[in-house]
Amino acid sequence: MNRTKIKMMKQIITTLFVAIFLAFAGTASAQLEAYDKDVTMSLGSQPAIVLDMNEISSRDAEEYWQDFVKEYVKLKRNRRADEYYAKSISIPLVSDRKLDIYSKIEDLKGSSRLYLWIDNGGAFVSASEDPKTLKAAKNLVNDFAVEAEKLHVEELLKAEDKNLATLEKDLKGLEKDKESYENDIEDAKEKIAKAEKNIEENAVAHEEKAIEIDTQKNLIIRMKERLANVGKKKTKM
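Model, not experiment: these values are computed from the prediction.

A. Structural view of the environment of Leu 140. With respect to the helices and strands, Leu 140 occurs in helix H3 (residues 131–228). Judged by its relative accessible area of 10%, Leu 140 falls in the buried class. Linking Leu 140 and Ile 91, residues 49 residues apart in sequence, is a C-alpha distance of 9.7 Å. Those residues in contact with Leu 140 that lie beyond four places of it in its chain are Phe 68, Tyr 72, Ile 91, Leu 93 and Val 94.

Printed below as a string of structure tokens:
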């Protein structure tokens, strides 16, 4: 395979890789912003901040969320309620007061949803009870959405990098196979040329051998005649 064709194939592979990556990135960029609604949790139906995370699995979302909040606290798990919580923690970006937080990740078959409940010490934060803290908490969750999207796309990029490496390896294998086939063709051409020469030489040898056989047959005929004439008197002229 000449260098121009190899270069073209590599460009095609790279273009496909970029297209796939941008498609995933575009999907990830369609993240919705956080919103608030009442959601049932371990302490009953309470106002929560909700974030939908498209294309991010619940397993990844849970890992991203715990990494995100570890700057403030290490979450504890309530296995019975399938929630994570932390009591009396300080999140300066959200409030000057100590907060109790509860969170849960819901699996949405390939996507996920984060629920965050915040107790400011007197009530769960909501638009009616503590709108200022709610707004700040939404901003924090939106920051998490950006971070989660970034981590998710980085994982996609790693996977596509791996796929690209596999495709390039396959291409090198094809190039090596083609080189082997071309060598086989050259070997076959040499064998054909040699065989054609052998045929030509064989034809000459065949003709020479046919002449030798005719000569030998004539010799045998004469020898038989001589044998037949042994003991016979020669007629005098």
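B. Structural detail: unusual backbone geometry. One non-glycine residue with positive phi stands out, namely Glu 55, at about 65 degrees. Inspection of the secondary structure puts Glu 55 in the loop between strand E2 (44–53) and helix H2 (58–69). We note that Lys 109 has phi near 55 degrees; this positive angle belongs to a residue other than glycine. Within the secondary structure layout, Lys 109 lies in the loop between strand E5 (99–107) and strand E6 (112–119).

C. Just the side chain of Ser 58, in detail. Position of Ser 58 among the secondary structure elements: in helix H2. Only 3.1 Å separates the side chain of Ser 58 from the side chain of Asp 107, close enough to count as a polar contact. With near-sequence residues (within four places) excluded, Ser 58 lies in contact with Ile 105, Glu 106, Asp 107, Ser 111 and Ser 112.

D. Representation of the pairing of strand E4 (residues 83–89) in the model. Judged from the three bridges that link them, strand E3 (residues 76–78) and E4 form a sheet pairing that is antiparallel. Its bridge partner being in E4, Arg 77 is matched across the sheet by Tyr 84. Hairpin remark: E3 followed by E4, antiparallel, with four residues in the connecting loop; positive phi at Asp 82, about 55 degrees.

Criteria and cut-off values
- Residues numbered from 1 in each chain as written.
- Predicted model: local features only at pLDDT ≥ 70, side-chain atom pairs only at ≥ 80, totals over all residues.
- Heavy atoms only, no water.
- Helix = DSSP H or I, 4+ residues; strand = E, 2+ residues; numbered from the N terminus.
- Buried < 20%, exposed > 50% of the residue type's maximum accessible area, 1.4 Å probe, protein only.
- Contact = heavy atoms within 4.5 Å.
- Polar contact = N/O pair within 3.5 Å; in protein donor to acceptor, adjacent residues only side chain to side chain.
- Pairing = 2+ DSSP bridges.

Don't take any of this as a statement about function, it's just geometry.
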